Each structure stands twice: as C-alpha cells, then as structure tokens.
Number of protein chains: 2
Amino acid sequence: MPSEPTAALIVIGNEILSGRTQDANIQFLATGLGKLGIPLREVRVIPDIEDEIVAAVNTLRAAHTYVFTTGGIGPTHDDITAAAVAKAFGVPLKRHQPSVDKMKKFYSARLNEARLKMADLPDGAEPIETRATSAPGIRIENVFVLAGVPSIARAMFDSVAPSLAHGPPVLSRFVEAHLGEGDIADALTTIQNEHPDVDLGSYPFFRGKRIGLSVVAKGTDEKNIDVVVEKVAAAIRSLNHEPSIDQQTDD
Amino acid sequence: MPSEPTAALIVIGNEILSGRTQDANIQFLATGLGKLGIPLREVRVIPDIEDEIVAAVNTLRAAHTYVFTTGGIGPTHDDITAAAVAKAFGVPLKRHQPSVDKMKKFYSARLNEARLKMADLPDGAEPIETRATSAPGIRIENVFVLAGVPSIARAMFDSVAPSLAHGPPVLSRFVEAHLGEGDIADALTTIQNEHPDVDLGSYPFFRGKRIGLSVVAKGTDEKNIDVVVEKVAAAIRSLNHEPSIDQQTDD
C-alpha cells in the first residue's frame, strides 16, 4: 500500500466494450479524486462476467487505497456487481432492511422482487445513500460500488467523498504553443530531469489545421510547478514561439 | 486462447487518469473491432510507467488474440511505449531505417534525435504505416502499438484491420421504452434464459425528465436476435407500453 492514497476504477460495462456507449464516468471520477489528492492510478473496463469482476476487485483492492466500480447494480439479470463483490470478499448477500423500507416508500405497489435485489448488499457492507435514487450504492471496506448512470454515480461519489482519506491535492498548470513536440523534446527532458518532483507531460493537439502541444506540469508543490512552467515557457520563446500559459492557444 | 478472436486495449494515458482529457479511442476501437467480429473484452487505462506497461502487455497478450495500445509513441521524454513493449517481448529497440528515410523527407532539417526516437521499433516488429504521419505505429506479434491522437490512432487501426483474423460479426438490435428496468426485469431474465446464445443487456436512461430503458440484443445469429427483439417488444406491450425498436424513443 503506498503512503499517499491512490485509487483504481473498474468500469463494468458491456455497453462500453461494444462501443455502443461512450464512457462518461472515468473523467469525473479522475477529476474528483485528483482534487482530493487521491490520484486515479488505473482503470479497467470489463464485461459483466462474475469471475472477471471478482478477479479485478481482488487484484485492485490489494493494490490501492480505494477501488470504485461503476455499473451493474440495477434490477435486471445483467446486474451482477453486488453478488460479484460479495464473492470477492467471501461473504453472502444480505437484504438491507433500511434500504427496503426506503424503496417501499418510493416504489409503493411497483416494488417487486427484481427491484428488491437492489437492497441486497454484501454482508458487512454499508449503503451509499443519495437523493438520486432509493436504491443504494455499496461500500465494503475500501471498495465503493457506484451506479453506471453518470448522474447517479456522481451523487454517490459526492456522498462518499467526505469520508475518504485525502492526500495533498495534485496541482496542475499548462503551457501551450504551436510547435511540434519534437522541436522541444530535448528541453523538456532537461527540465523533467531537473525537477523529478514535478510530473511533466507533453500532449500534441490538432485544432483545425494547426498542430501544437500542451505541456502539463503536475505536482503537489505550487512553487516548483511555477518554476517548471516558466522554464517551459522560456524554452518555447527560445524557439521564437509565443507560449500560452494556462489558457488555450488562440486558433 | 479462445476459439473466436478477442481483443484487449491498453490506454497509456496519464492525461486520462488525471481527468484532463476525455478518452476518445476506446469507443471507435470497440466499434471497429466489433464490426470485424473481434469483441473487445477488456480495456486498461494505465500511467506511463514502464513496469506497468510491461505487465499489462504481457498479461493481455497471453489472454487475447490481439492487444492494442494507444499513446506514448511521440518524441518526448514521457513517450515510453515502444521501449516498454520491447521490454515486454525481451528484445532490444532497433532503429528502423525505412522509417528514418520517410521521416527525413517529411521533417527535413527539423529531424532531430528526439524525433528519430519514433523510428526505434522493438527488434522483429513491423511498422504500421499511414498517410497521417511519417512516424509509424508498431506491430509485434499480436500487439499493435497505436498513437494516442485519435485521428492518427484511427488511421493506424484502419491500416492494420485488413490483416486481422475476423470472427463472425457481432450483430445488435435494441428496443427502448419509457419503463423502469424493474418493471420488465423478470421478463428479460426469462427471455435471456431461453436464448443463451443472445447477449441481452438492459441500460436505463434519463432523457430530460423521462426515464426509460434500452434493451440491447447482441449475437452472431440474426434470426435469433430478431426472435429475442420480438419477445422483448411483446413483454413491453404486455405492460401497456409502446416499444420503440431500433430507434431512439421520442422525448
């Protein structure tokens, strides 16, 4: 277990793997966790096959401070996440009476056995309650089981965020220029070597017909990031280009 | 190795894990592979850390017919995919002269050592050539190393697609209705049990203020899918709702 908290995400999503749906959960979880100083270190997108969910949950919960899953907690036959997570922890599912009561109020006569399945939590788990739905998400030890629908996944994440152990927030600034990456690669290598505590990333872009690059400096020390950003800007100026700092280059 | 081809994708992307960038490669690769009858079975998003790339490549190339990677093949210090893939295969990097020649023509005096790094391929690999760039992607055995920039990744995928062993194309139809998933869950379970060769998925949606669900039937036998779609539509009608087949419900 690393000394600073880290997180992994398991997207349980046949619809993502088939290309039918564009994932909409990775980015907000990555951003939300980053703000809490809990870098997202790995994402796995896997199908709704029990053995694969069990294996991914057990691998990642041993390697990271927190594991989030999205998808597969609805009332239909393909919603098997709760059962798979229970299996990963070696515990049975147990119907959670407070969730049943909440769902009775919401669904009234429409509450049926299929919907009640959403109140079955791994034994020892806590519900993640939100105003978005009467059916809960699930927390068991360091694993958080969220819905796949992005609005509900967000509500569930917001509900658990205050309970997470934060690390130092990861700060980030960026510099853009209409240069090829190869023009500035050597300078970036030098700057990265001089500042191993800052993570310097280079990302090419194509906007309209113009190429360019974004250089992103990330770290937990604001002063060091500022120094790195200034060095990157100076390297760009030395190539007779104008750096654009922390704002997208005009096109 | 399964009898039908399968694929895995490794997205090498600190910028995806930080939330700065929304992934734009998973969906087109999932769709493109599905059309070839090569279901995408797993995606991993990992940081540009050599050991993690090596581990993911070696795990997934043993488990799937094909492995694709995106990202990390540019000229900068954080572009380490080619070196990591070489390490995964236990071979050295070797400068590929035809790629050097191509890059000389394109870059002329701007060709420098940083850019020449893009011509270093794992020994025994073949370049994936496109009109999009002079620097190649990489094929080594069943692993395809593509660029991270979506337009270039697409061009590289299109270039290799004809060489892949196709499976039977995965066909898909869907039925939508303004019903809660729980209303139709039992019927879907019955239909799924009657047609184990068709993969029946249920996905709730929220459009404006209306909830609904999409039921997706996937498989390789068109007739079976048609039968399943009709059964799902009949189940929806039995609940006094109107199914919308293969088109989005009006909102």
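**So, helix α8 (residues 181-194) of chain A**
Here α8(A) is 14 residues long and its end C-alpha atoms lie 19 Å apart, about the 20 Å a rise of 1.5 Å per residue gives. At A:A187, α8(A) is bent by approximately 35 degrees, the largest bend along its length. Within the sequence span of α8(A), burial applies to A:E181, A:G182, A:D183, A:I184, A:A185, A:L188 and A:I191. Buried positions along α8(A) lie against β10 (199-207), β11 (210-219) and α9 (222-238) of chain A together with α6 (113-116) of chain B.

**A short note on the domain arrangement of chain A**
Assigned domains of chain A: these are domain 1 (7-163) and domain 2 (171-245). Taking the mean C-alpha position of each, domain 1 of chain A and domain 2 of chain A sit 38 Å from one another.

**Observations concerning the interface of chain B and chain A**
Each partner contributes residues to the interface: chain B has 48 residues there, and chain A has 48 residues. With eight residues, helix α8 (residues 181-194) of chain B is the largest single contributor of residues to the side of chain B that touches chain A. Broken down by class, the residue content of the side of chain B that touches chain A amounts to 18 nonpolar, 17 polar and 13 charged. Relative to strand β2 (residues 40-46) of chain B, strand β2 (residues 40-46) of chain A runs antiparallel, the two sharing three bridges. Opposite A:V43, over in β2(B), you have B:V45 as the bridge partner.

**Quick look at the relation of the copies chain B and chain A**
For the pair chain B and chain A, the relating rotation is 180 degrees, the translation along its axis is 0.0 Å, and the fit reaches an RMSD of 0.0 Å. Both chain copies can therefore be described as sitting about a two-fold axis. Closest approach to the rotation axis among the C-alpha atoms of chain B is made by B:R44, whose C-alpha sits 2.2 Å away. When the interface residues of chain B are mapped onto chain A, 100% of them are again interface residues, pointing to one common binding face.

**Focus: the nonpolar core**
Among the nonpolar cores identified, the biggest contains 98 residues, and A:L9, A:I10, A:V85, B:L9, B:I10 and B:V85 are the most heavily contacted of them. Residues contacting B:L9, with those up to four places away along its chain left out, are B:I26, B:L29, B:L40, B:V43 and B:F68.

**Some thoughts on the pairing of strand β1 (residues 7-12) of chain B**
Residue and element names in this part refer to chain B. β1 sits mainly inside the fold: six of its six residues count as buried. Along β1, one buried face is formed by A7, L9 and V11 and the opposite face, lined by A8, I10 and I12, is buried too. Relative to β2, β1 is paired through six bridges, and the arrangement is parallel. Looking at β2, one finds that I12 is bridged to I46.

Criteria and cut-off values
- Residues numbered from 1 in each chain as written.
- Chains lettered and ligands numbered in written order.
- Predicted model: local features only at pLDDT ≥ 70, side-chain atom pairs only at ≥ 80, totals over all residues.
- Helix = DSSP H or I, 4+ residues; strand = E, 2+ residues; numbered from the N terminus.
- Expected span 1.5 Å × (residues − 1).
- Bend = angle between axes of the 7 residues up to and from the residue.
- Buried ≥ 20, exposed ≤ 12 C-beta atoms within 10 Å, placed from the backbone.
- Contact = placed C-beta atoms within 7 Å.
- Domains from an automatic or database assignment.
- Nonpolar A, V, L, I, M, F, W, Y, C, P; charged D, E, K, R; others polar.
- Pairing = 2+ DSSP bridges.
- Least-squares fit on C-alpha atoms with pLDDT ≥ 70 in both.
- Core = buried A, V, L, I, M, F, W, Y, C linked by C-beta atoms within 7 Å.

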